[in-house]
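Observations on the model geometry
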Amino acid sequence: MASSMVVPVIDVQNDTFNELWPAMVLAIKTSSFVALDTELSGLGNRKSLLAESIEDRYKAICHAARSRSILSLGFACYKKLDDKAADTYLVQVYNLTLLCSEEYIIEPQSVQFLVQHGFDFNKQYAHGIPYCKGNNKAESDDRGVHIRALFTELLRARKPLVLHNGLIDMAFLYQSFYAHLPDRLTTFTADLSEMFPAGIYDTKYVTEFELRLTASYLEYAYKKCKLDSSRRGTSGGTEPHVQLEFCQYAGQMSSYVDYRVCPAVGSVEGQTDVCQRFSAFGWCPNGSECLLSHDTDLIILQDEKDLGNKRTKRKRRKDKRKGKGEAAEDGAPQHKIPHMEVDLQETPDEKQGAESSSEKGSLMDTQQNEREKTDIEGNGVSQENTLEITPTTDDNAKTNTNGGEESRTKDGGSEKLSEKSSKTEQKKNADSGTHRAGFDAFMTGYIFAHSCTLNKKKGVESVEKEEEEESWVPSCLNKVYLSGKSAPLNVVKSTFSKSSKAHVAKMEMVWGKKV
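Model, not experiment: these values are computed from the prediction.

Below, the discussion takes up the packing of helix α6 (residues 147-157) against helix α7 (residues 167-177). At a minimum axis separation of 10 Å, α6 and α7 run at an interaxial angle of 125°. Between α6 and α7, the angle falls in the class oblique. When the axes of α6 and α7 are compared, the crossing they make is left-handed. In this structure, α6 contributes I147, R148 and F151 to the contact, and α7 contributes L173, S176 and F177.

Structure follows, in structure tokens:
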């Protein structure tokens, strides 16, 4: 199996923001797509966030975005390298520690979990990058060196935006760095469609309805995609697979960088005591006290074993039907919805739950806890140093299996990746700096890159590079995952909605003309 991969994550604080500004802007402008993640101070009433009415959900999200704040912003810039092997990307990852200058709510549960996973509030208050929410209050958003101006540069770059379960992320970004959120959801989606003309992609929707993985929480999805890509890369080199390269950060610049080791998947033979709830949703109510394994490596390998057994049974049934002259039928795995293979647009009512004993009856509760992004961030503060970037590559970054640390879980998802189960359990609460917006953005971007590779292989005809990148995964363009719903939120401007006044003014500022 492939060797470990080391991912450099650049930590950005207030005292280094000006120095790192040129590198961040250049990374955004030269990227093929940008993956983004946030860590939040709270989400408010969870039941309201999962209301039956999507409009009611949006109102609850607006309330949370207006009263809470972004504690950390991570983004990963993926640049496709045309002079290298197919599906090779140069990746630059940034983790920005933020400090809202206005009053905001931070929930005790979030504080507890953040501190438990290495977040240092003293450093945040001492070194966080300040910002004001809502409409512009001080510095112009299109001039100067500040976080709102960086968001403006992201809009000007017109790159595809990639998120994981991204509705809440987008609302917080809009309220924090752009303008006051509009009152109506249709206005919000109309604004977003013009803010990101290259499209918005939600990797949770991708994993559920395009890749159709057994589970879709971020750590599982990333590791599974990484493992699949690694296997493709070691199968004679003919299978298309994602390859990564990173900048070599030399001299004093290296002190800004937090190197995240992504171990290869280890052997977990003999381990069968998997926590079914964590396996399905990346969250367990017992947290670190759970006696069952939360090792995602083990979960993935066991899922593959179960899937292999099902395929063997299906093959036997298929052979029997052929012997009897019956039409053979080979549908989706039992834990997936069969009609998904026929029409991915008709999204099902979640998973059927044949495999996971905890899936049935707990969908809304578990989905809401998976979305608790309020809880997690690992924050390492860089020392003051001089910027030196040499855009060279890291050969060890290619096709390595799984790594990374899980985000968006409530209590139990912070374990190191390839440790054996016993070690993993001991690390659940001990790992500092494992939950980071920057690394989560990297994982999100990797899932998307992998899905693009598979999308091309599936039979999408070769087209010119410009046309190809117009829609990386056409079936998932501008579709945002909605927990507990059988259809996504479509980010479009309908004939019955119009953009907000604040947005129209902003677009004139961003692009110098009305949209």
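Before going further, it helps to examine the pattern of salt bridges. Per the stated rule, a full pass over the model turns up 15 salt bridges. In this structure, the salt-bridge partner of K485 is E52, at a minimum N-O distance of 3.0 Å. Remark: E52 occurs in the loop between α2 (46-49) and α3 (54-67) and K485 occurs in the loop between β12 (479-480) and β13 (489-490); sequence separation between them is 433 residues. When its relative accessible area of 66% is taken as the criterion, E52 is described as exposed. Notably, a salt bridge pairs D258 with R260, separated by 2.5 Å at the nearest N-O pair.

Mapped onto the elements, E219 comes out in helix α10 (residues 218-233). Reaching out from E219, the side chain makes a polar contact with the side chain of K223 at a distance of 2.8 Å.

Along the chain, M253 falls in the loop between β9 (248-249) and β10 (257-262). Take M253: its relative accessible area is 0%, and that puts it in the buried class. Between the C-alpha atom of M253 and that of I10, which follows or precedes it by 243 residues, the distance is 9.1 Å.

How each quantity is defined
- Every residue gets a number counted from 1 within its own chain, in the order that chain's sequence is written.
- For a predicted model such as this one, the threshold for reporting local features is a pLDDT of at least 70, and the threshold for listing and counting side-chain atom pairs is 80 or more; totals across whole chains, interfaces and linings nevertheless cover every residue.
- Where side-chain values are given, they derive from all heavy atoms of the structure, hydrogens and water being excluded.
- Axis lines are fitted through C-alpha atoms, for helices just across the contact stretch, and the angle between N-to-C directions can take any value from 0 to 180 degrees.
- Put simply, DSSP marks the helices as runs of H or I at least four residues long and the strands as runs of E at least two long, and each gets a number from the N terminus on.
- Working definition: roughly parallel below 35 degrees, roughly antiparallel above 145 degrees, roughly perpendicular at 65 to 115 degrees, and oblique for all remaining angles.
- Helix crossings are classified by the rotation of the near helix relative to the far one: an anticlockwise turn of less than a right angle makes the crossing left-handed, while a clockwise turn makes it right-handed.
- The contact criterion used throughout is that any non-hydrogen atoms of two residues lie within 4.5 Å.
- Each salt bridge in this description consists of a side-chain nitrogen of Lys or Arg and a carboxyl oxygen of Asp or Glu lying within 4 Å of one another.
- Summary of the burial criterion: residues with accessible area below 20% of their type's maximum are buried, those above 50% are exposed, and those between are partly exposed, where the area comes from a 1.4 Å probe applied to protein chains only.
- In the analysis that follows, any N or O atom pair within 3.5 Å is treated as a polar contact, provided that within protein one partner can donate a hydrogen and the other can accept it, and provided that, for residues neighboring in sequence, both atoms belong to side chains.

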